[in-house]
Amino acid sequence: MDINWGILGVVAVIVLIIVVITIRKNQREKEKLTDLLNNDFKKENEDEINAEDSANEK
């Protein structure tokens, strides 16, 4: 039983291409999600002044 190196090489190249495409797609989705989460944040107004917070001193 001989190993068919040609078919094995083609299968290895196809698997490598699928892995690279999947990694690139995940990176783009990660960047989109990061941008969405960073830009979607709305800071709430503080009605009460914290006495222990030195930035609120007058």
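For the structure given in this document, a descriptive report is provided here. (Residues numbered from 1 in each chain as written. Predicted model: local features only at pLDDT ≥ 70, side-chain atom pairs only at ≥ 80, totals over all residues. Heavy atoms only, no water.)

Let us look at the overall build of the protein. When you go through the protein residue by residue, the secondary structure sums to one helix and zero strands. Residues counted as buried form 0% of the 58 residues belonging to the protein. (Helix = DSSP H or I, 4+ residues; strand = E, 2+ residues; numbered from the N terminus. Buried < 20%, exposed > 50% of the residue type's maximum accessible area, 1.4 Å probe, protein only.)

What follows covers the pattern of salt bridges. Opposite charge on two side chains permits them to pair, given that their charged atoms come into close proximity. The tally for this structure, following the rule as stated, stands at one salt bridge. Glu29 serves as the salt-bridge partner of Lys32, at 4.0 Å between the closest nitrogen and oxygen. Of this pair, Lys32 and Glu29 both sit in helix α1 (residues 5–39), three residues apart, which is roughly one turn of the helix. On the accessibility criterion, Glu29 (41% relative accessible area) is partly exposed. (Salt bridge = Lys/Arg side-chain N within 4 Å of Asp/Glu carboxyl O.)

Side chains of Ile7, Val11, Val15, Val19 and Ile23 sit close together on the surface and give an oily, nonpolar patch of about 430 Å² of accessible area. Mapped onto the elements, Val15 comes out in helix α1. (Patch = residues over 30% accessible without salt bridge, like charges linked within 9 Å, V, L, I, M, F, W, Y side chains within 5 Å. Areas by Shrake-Rupley, 256 points an atom, 1.4 Å probe, with all protein chains shown as cover.)

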